[in-house]
Amino acid sequence: MRAIVTVIGKDTVGIIAAVCALLSQHQVNVLDISQTVLQEYFTMIMLVDAKDSDLPFADLAELLQKEGEARGLSIRMQREDIFNAMHRI
Amino acid sequence: MPMFNNNEILDTIRMIDQQHLDVRTITMGISLLDCCDEDPKAACGKIYDKIARSAQDLVKTGEDIEREFGIPIVHKRVSVTPMALVAGASDTEDYVPFAQAMDAAAKAVGVNFIGGFSALVQKGMTPADRRLIVAIPQALAQTDLVCASVNVGTTKAGINMDAVALMGRMVKETARRTADRGGFGCAKLVIFCNAVEDNPFMAGAFHGVGEGDRVINVGVSGPGVVHSALQAVKGQSFDVVAETVKKTAFRITRMGQLVAQEASRRLGVPFGIVDLSLAPTPAVGDSVARILEEMGLETCGAHGTTAALALLNDAVKKGGVMASSSVGGLSGAFIPVSEDEGMIAAAQSGVLSLDKLEAMTCVCSVGLDMIAVPGDTPAETIAAIIADEAAVGMVNSKTTAVRLIPAPGKGVGETVEFGGLLGSAPVMPVHPQSSAPFIARGGRIPAPLQSLKN
């Protein structure tokens, strides 16, 4: 099951490392990453594949969100379908 | 590789984060026609069991979808067969226990409202319909989650003026019995003309007799998203405004359709409809009134408001209808006063009047909704307001509704606080002139001609 992970917040050292470590711990494969820093604000968008994840999708999303809160970031993991529905016919 | 560009992804997140985009409700419709029993206790037992069994996974499924898709699903709700049809088989005069069974089942499954303590009396009233209607005030006072609705007219049958007169009294009585909560019971009571059978929105949801055993209906929302999209086309022509609303409505509805299909699949319950409604909340940035003002009106209620609303309502439908495989329910822009920050402000400033709201309901979904009027408003005046609104629906072949709160002990200029999504309602003036002899006539207003339209 493919998903989009977005990380938005103030840029600090080690954001990508932390998110990737968490994802790999749970067997989530990163397919693509893009990131930009705009006026100190960090935006990272990842396409991931969670089909082999050891956690149910909703729990994984919650784990990432908590990790984000601890770092003062907004981290979301959403199923790709919602972006498909809203932006593609 | 990624099929979306970053802007599209961030757009969606902005809509959810900053513009209050949400799925307003997943509502499971449940038929209770198989719960009839001569023994009222047995019937109530069957009603409780069927609701509790059918909807046991509804809330959890909604929450799972919410977390996986990252889209808030504000309400999970249940609607049932109009209770007068079920309770009519039981040998009892007192229908309050049926509402209590609904309430207990709703609490057991964790939904926040259950609709269907209802009667359809557009042409005539069975003894069961009458018993249900007179039980409404007590039922709404003694339960927490039950919503009641009564259909008093249709385009094909006309308006049942005996029922209209009775409902005027029931609205007053409901307010009286819930006076300690500002007449809150009235927020759970809707009087319809042309009620629809698949409406997922409360307080008027019920599961029509033409529906299957169970069904999933979804109501989308998103006034904030439409408002924000219109801010980007300031000063441009109405052609641009209409196109912008359509495109936005399309996206919102696609999201609703996705959630509806997912909920239907996981629950093993057929998908019914997506209701394409713009449902406001009292939160700043989630208002239908502010969309109308964005089109160039100083305050909602100013001249031009009806035209602005007509465009909005039509464009929402045009955009949404292509995005869903099945559209139904009320589908349109809602204008509940107490639930819309911009409407509250417009009413408080005196610009938005009851008369203007009535005109607005000619071109939008649904009707005079969540409006507080003085507590001493006579029952006949309330009935006359219901009759006017039903006439609008009957002649225009559309659904109209009335949800008025005669705020106990309050007058014009005061405010009733309901809290949460029901918001706060400024008490609005009604015309003091009497309509009592008009309401006392009773009988039926005949169905209107459907040709020679002028």
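Quick note: structure is the one above.
In short, a report on the structure. (Residues numbered from 1 in each chain as written. Chains lettered and ligands numbered in written order. Predicted model: local features only at pLDDT ≥ 70, side-chain atom pairs only at ≥ 80, totals over all residues. Heavy atoms only, no water.)

## Considerations on the pairing of strand 3 (residues 41–49) of chain A
All names here are of chain A. Of all the nine residues making up strand 3, eight are buried; the element is thus mostly covered by neighbouring parts of the structure. In this structure, strand 1 (residues 2–10) lies alongside strand 3, joined through nine bridges in antiparallel fashion. Along strand 3, the bridge assignment pairs Arg-2 with Asp-49. By the bridge criterion, nine bridges tie strand 2 (residues 29–38) to strand 3 in an arrangement that is antiparallel. What sits directly across from Gln-35, in strand 3, is Met-44. (Buried < 20%, exposed > 50% of the residue type's maximum accessible area, 1.4 Å probe, protein only. Helix = DSSP H or I, 4+ residues; strand = E, 2+ residues; numbered from the N terminus. Pairing = 2+ DSSP bridges.)

## Topic: the pattern of salt bridges
Residue and element names in this part refer to chain B. Evaluation of the coordinates by the stated rule reveals 38 salt bridges over all chains. Notably, a salt bridge pairs Arg-67 with Asp-64, separated by 3.6 Å at the nearest N-O pair. Taken together, the positions of Arg-67 and Asp-64, both in helix 3 (residues 58–69) and three residues apart, correspond to about one turn of that helix. Residue classification places Arg-67 among the partly exposed residues on the basis of a relative accessible area of 33%. (Salt bridge = Lys/Arg side-chain N within 4 Å of Asp/Glu carboxyl O.)

## Digging into the sheet that holds strand 3 of chain A
Residue and element names in this part refer to chain A. Across the sheet, four strands lie side by side as 2-3-1-4; this open sheet has antiparallel pairing. Single-partner strands in this sheet number two, and they are strand 2 and strand 4 (73–79). Between one strand axis and the next, the sheet turns through 15° on average, direction left out of account. Against the sheet, helix 1 (residues 15–25) touches strand 1, strand 2, strand 3 and strand 4, its axis set at about 20° to strand 3. Across the sheet, helix 2 (residues 57–70) lies against strand 1 and strand 4, angled at about 165° from strand 4, the strand it touches most. (Axes fitted to C-alpha atoms, helices over the stretch in contact; angles between N-to-C directions. Contact = heavy atoms within 4.5 Å.)

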